[in-house]
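Breakdown of the fold
The primary structure of each chain is shown beneath.
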Amino acid sequence: VRQILNVDQGVLQLPPRESSDEVCQDLAALGLHKELFVGDRTMSFGETRKAALVHAKYSKAELLLLDEPSQDLDEHGVAWLIQWLRIWSGALLVVSHDPRILEVFQHFFYVAESGARLVSGIASDVAKMVREEEIRAERKYQRKMRSLLRLEFQSALVARRRRRKDRGGRMREIDRAPSRAMLN
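Residues numbered from 1 in each chain as written. Predicted model: local features only at pLDDT ≥ 70, side-chain atom pairs only at ≥ 80, totals over all residues. Heavy atoms only, no water.

**Points about the layout of surface pockets**
Here the largest pocket is characterised by a volume of approximately 750 Å³. Around the largest pocket, the lining is made up of 21 residues, and of these Val 94, Ser 96, Leu 102, Phe 108 and Phe 109 lie nearest the centre. Of the residues belonging to the lining of the largest pocket, the class tally is 16 nonpolar, four polar and one charged. Taken as a whole, the second largest pocket spans an internal volume of roughly 280 Å³. Lining the second largest pocket are Tyr 110, Ala 112, Glu 113, Ser 114, Gly 115, Ala 116, Arg 117, Glu 133, Glu 134 and Ala 137. Breaking the lining of the second largest pocket down by element, the ones donating at least two residues are strand E5 (107-112), strand E6 (115-120) and helix H5 (123-176). Looking at the lining of the second largest pocket residue by residue, the classes come out as four nonpolar, two polar and four charged. (1 Å grid on protein atoms, 1.4 Å probe; cavity = no way out; pocket = protein on both sides within 12 Å on 5 of 7 lines; lining within 4 Å. Points joined across faces, edges and corners; volume = space filled by probe spheres on them. Nonpolar A, V, L, I, M, F, W, Y, C, P; charged D, E, K, R; others polar. Helix = DSSP H or I, 4+ residues; strand = E, 2+ residues; numbered from the N terminus.)

Listed below in structure tokens is the structure:
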């Protein structure tokens, strides 16, 4: 992987030999000008994120793993990211809650407490399907809880009857036994 930007603990440097027009255009589109990379300069989180995305774009990677890529980006940065993701020819694994980013994709690997699966469609349809599944799961859970409550109530009722029956049997034994006065 050829390094376009050297990212080290929030300090970014653009090596002079790598300052191609294309890289500079992307940096300018994101609001990062070449002067920001002269010498050591601590960048903001947003500037660091933008520079890291430009680095990823020119890394020639076959697979990009992007975790919340729109975090810390302004509107121009998100627009640039969306445009870039639409033309990216390699494989992408993107974790995001940003609906603007999700609308770019057509295949989603949906992960939930119940498991994970691959879902195809536009993000709004997938979100609707997920909500419907959550509602169905909640209803199923509520039915199961009601069933368990009925079972618990029935078990308590049976236990109460058994205790009453056991007490009644002991009372009959006491009634049949001679009193202490008679024994003395």
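Having seen the model, we can carry on.
**Some points on helix H3 (residues 75-87)**
The end-to-end C-alpha separation of H3 is 19 Å, in line with the 18 Å expected for 13 residues at 1.5 Å each. On the buried face of H3, the contacting elements are helix H1 (21-29), helix H2 (45-57), strand E3 (63-67), strand E4 (91-95) and helix H4 (99-102). (Expected span 1.5 Å × (residues − 1). Contact = heavy atoms within 4.5 Å.)

**Observations concerning H2**
With 13 residues, H2 extends 18 Å from end C-alpha to end C-alpha; this agrees with the ideal 18 Å at 1.5 Å per step. Listing the buried residues of H2 in full gives Gly 46, Glu 47, Thr 48, Lys 50, Ala 51, Leu 53, Val 54, His 55 and Ala 56. (Buried < 20%, exposed > 50% of the residue type's maximum accessible area, 1.4 Å probe, protein only.)

**Description of a nonpolar patch on the surface**
A grouping of Tyr 141, Met 145, Leu 148 and Leu 151 is seen on the molecular surface, where their side chains present a nonpolar patch of about 390 Å² in accessible area. As for its placement among the helices and strands, Leu 151 is situated in helix H5. (Patch = residues over 30% accessible without salt bridge, like charges linked within 9 Å, V, L, I, M, F, W, Y side chains within 5 Å. Areas by Shrake-Rupley, 256 points an atom, 1.4 Å probe, with all protein chains shown as cover. Salt bridge = Lys/Arg side-chain N within 4 Å of Asp/Glu carboxyl O.)

**Examining the pairing of E4**
For a regular strand, the rule is simple: side chains alternate between the two faces of the sheet. As defined by bridge partners, E3 adjoins E4 across five bridges and the pair is classed as parallel. In the sheet register, Leu 63 faces E4, and the bridge partner there is Ala 91. (Pairing = 2+ DSSP bridges.)

**Some remarks on the packing of aromatic side chains**
Across all of its chains, the model carries two aromatic pairs by this definition. Relative to Trp 84, the ring of Trp 80 lies with its centre 5.6 Å away and its plane at 25°, an arrangement referred to as stacked. Of this pair, Trp 80 and Trp 84 both sit in helix H3, four residues apart, roughly one helical turn. When sorted by exposure, Trp 80 lands in the same class as Trp 84, which is buried. A ring pair is formed by Trp 84 and Trp 88, whose centres lie 5.5 Å apart and whose planes are at 75°; its orientation type is edge-to-face. (Phe/Tyr/Trp six-rings, centres within 6.5 Å; stacked < 30°, edge-to-face > 60°.)

**Describing unusual backbone geometry**
Notably, Glu 68 is not glycine yet its phi reads approximately 50°, a positive angle. Relative to the helices and strands, Glu 68 is located in the loop between E3 and H3. With a relative accessible area of 19%, Glu 68 lands in the buried category. Positive phi is not limited to glycine here, since Asp 72 has a value of about 70°. Mapped onto the elements, Asp 72 comes out in the loop between E3 and H3. According to the relative accessible area criterion, Asp 72 is partly exposed, its value standing at 38%.

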